[in-house]
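Listed below are the residues making up each chain.
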Amino acid sequence: MPSHRAMKVVLLVLLGLSVSAFGACGATEPTWKLAWADEFDGPPGDAPNSSNWIADIGTGIGGWGNNQWEYDRAENATLDGAGNLVITSRLETFEGKPYTSARLKTKGLRAQAYGKFEARIKLARGQGLWPAFWMLGQDIDAVGWPACGEIDIMESKGLEPQRLIGSLHGPGYSGGNPISASYVLPGGATFADDFHVFGLEWTPDSISWQLDGVTWNVVVPAQLPSGTRWVFDHPFYLLLNVAVGGNFVGNPDPDAFPPEGLKTVVDYVRVYERVP
């Protein structure tokens, strides 16, 4: 039987040509062409490809604006030698913070307006853990947040590992009041049990969230609060991170952190453009 690595390479080649399907009623679904991807190949312990990712170091202002408890270090995001990126969240005092983790972004390297965005991830779990795969408008330095827009493809609370959350933030619908929805895995399964593909299809007229290729939520401009505007009309860059603590998930539980840390494993990130 072919190895997981071999099957992954074959699948990427096929996806690089095109991705298309037919709906139940015979209508042609969008066709996608691979624009860029990171398969996280490389020797164990190496940093991820610097042509794709920049490590955000530190805590930002006010714990990245969310009162997070971790100090983000580049050393906490490394390749495992088997085609995965591992983000490790640790109970350790560093630069005045009681935890460390990692936050990666493609800002200044990779940005795109519209398309299909996917990451295959196995999440860590534990009270106070906050893994996310998300996007910010690349004009953030010029217009600030939330005017730049934010698209949360995947967020998860470590105490609710069965629940997936997807949200939009913009002027008038941000912070604790975003456009948001959630999906719960059936049968008692959790996102820490196995890998899942967290996806998003983004067009000028809609944003659709997908889990393992199945759409579970759609938002269109007409759903925004009255008097607010749709700011999802320009290039966004990607972020991968695992926060510890903060306004969204509450205080972390130190007993949930083993000596080796809690590990969120990313198999790949793939970005597609729609074929005209």
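Being a predicted model, the structure only gives us computed values, none of them experimental.

### Things to note about empty space enclosed by the protein
Per the counting criterion, the structure on display carries 2 cavities of 30 Å³ or more. There is about 40 Å³ of room inside the largest cavity. In this structure, the largest cavity is lined by Trp36, Thr106, Arg110, Ala111, Gln112, Phe117, Met135, Phe236, Tyr237, Leu238 and Val271. Considering each element in turn, the lining of the largest cavity owes the most residues, 3 residues, to strand S15 (residues 236–244). Here the residues of the lining of the largest cavity are counted per class, giving 8 nonpolar, 2 polar and 1 charged. Within this model, the second largest cavity holds a volume of roughly 30 Å³. Sorting the residues of the lining of the second largest cavity by element identifies strand S8 (129–137), S15 and strand S16 (262–274) as the ones contributing at least two each. For the lining of the second largest cavity, the element with the most residues is S15, which contributes 3 residues. Split by residue class, the lining of the second largest cavity holds 7 nonpolar, 2 polar and no charged.

### Some thoughts on the packing of aromatic side chains
Tallied over the entire structure, the rule returns 13 aromatic pairs. Relative to Trp202, the ring of Phe117 lies with its centre 6.1 Å away and its plane at 35 degrees, an arrangement referred to as tilted. Remark: Trp202 occurs in strand S12 (residues 196–203) and Phe117 occurs in strand S7 (residues 115–122); sequence separation between them is 85 residues. Here Phe117 matches Trp202 in class, with each residue buried. Grouping aromatic residues by their ring pairs yields a cluster made of Tyr114, Phe117, Trp202, Trp230, Phe232 and Phe236.

### Observations regarding unusual backbone geometry
The omega angle of the peptide bond from Trp145 to Pro146 is 15 degrees, so this bond is cis rather than trans. We note that Glu95 has phi near 50 degrees; this positive angle belongs to a residue other than glycine. Within the secondary structure, Glu95 sits in the loop between strand S5 (85–94) and strand S6 (97–105). With phi around 70 degrees, Tyr114 is a residue other than glycine that occupies positive phi space. Along the chain, Tyr114 falls in the loop between S6 and S7. Under the relative-accessibility criterion, Tyr114 is labelled partly exposed at 25%.

### Some points on the layout of surface pockets
The volume enclosed by the largest pocket comes to roughly 760 Å³. Lining the largest pocket are 33 residues, with Trp64, Asn66, Trp134, Trp145 and Glu150 sitting closest to its centre. Broken down by secondary-structure element, the contributors of at least two residues to the lining of the largest pocket are helix H2 (63–67), S6, S8, helix H3 (140–143), strand S9 (150–155), strand S10 (163–169) and S15. Looking at the lining of the largest pocket, its residues break down into 14 nonpolar, 11 polar and 8 charged.

### A short note on the pattern of salt bridges
Tallied over the full model, the rule gives 10 salt bridges. Salt-bridge contacts for Arg73 lead to Glu92; the nearest nitrogen and oxygen are separated by 3.6 Å. Within this pair, whereas Arg73 is found in the loop between strand S3 (70–72) and strand S4 (77–79), its partner Glu92 is found in strand S5, the two being separated by 19 residues in sequence. By relative accessible area, which is 25% here, Glu92 ends up partly exposed. For Glu160, the salt bridge is made with Arg163, and the minimal N-O distance between the two is 3.7 Å. Classification of Glu160 by relative accessible area gives partly exposed; the value is 29%. Using a relative accessible area of 26% as the deciding quantity, one classes Arg163 as partly exposed. Among the charged side chains, a network of salt bridges with common partners joins Asp56, Arg103 and Lys105.

### Overview of the environment of Trp36
Tracing the backbone shows Trp36 in strand S1 (residues 32–38). Contact partners of Trp36, with chain neighbours within four places excluded, come to Asn52, Trp53, Thr106, Arg110, Leu238, Val269, Arg270 and Val271.

### Some details on the nonpolar core
Note on soluble globular proteins: their nonpolar side chains tend to be buried together. Core analysis: the largest hydrophobic core is formed by 49 residues, its most contacted members being Ile151, Phe232, Leu240 and Val269. Those residues in contact with Ile151 that lie beyond four places of it in its chain are Trp134, Met135, Ser167, Leu168, Leu200, Trp202, Ile207, Phe232 and Phe236. Counting residues in hydrophobic clusters, the runner-up holds 7 residues, among them Trp134, Leu136, Tyr237 and Leu239.

Scoring rules and cut-offs
Residues numbered from 1 in each chain as written. Predicted model: local features only at pLDDT ≥ 70, side-chain atom pairs only at ≥ 80, totals over all residues. Heavy atoms only, no water. 1 Å grid on protein atoms, 1.4 Å probe; cavity = no way out; pocket = protein on both sides within 12 Å on 5 of 7 lines; lining within 4 Å. Points joined across faces, edges and corners; volume = space filled by probe spheres on them. Helix = DSSP H or I, 4+ residues; strand = E, 2+ residues; numbered from the N terminus. Nonpolar A, V, L, I, M, F, W, Y, C, P; charged D, E, K, R; others polar. Phe/Tyr/Trp six-rings, centres within 6.5 Å; stacked < 30°, edge-to-face > 60°. Buried < 20%, exposed > 50% of the residue type's maximum accessible area, 1.4 Å probe, protein only. Salt bridge = Lys/Arg side-chain N within 4 Å of Asp/Glu carboxyl O. Contact = heavy atoms within 4.5 Å. Core = buried A, V, L, I, M, F, W, Y, C linked by side-chain atoms within 4.5 Å.

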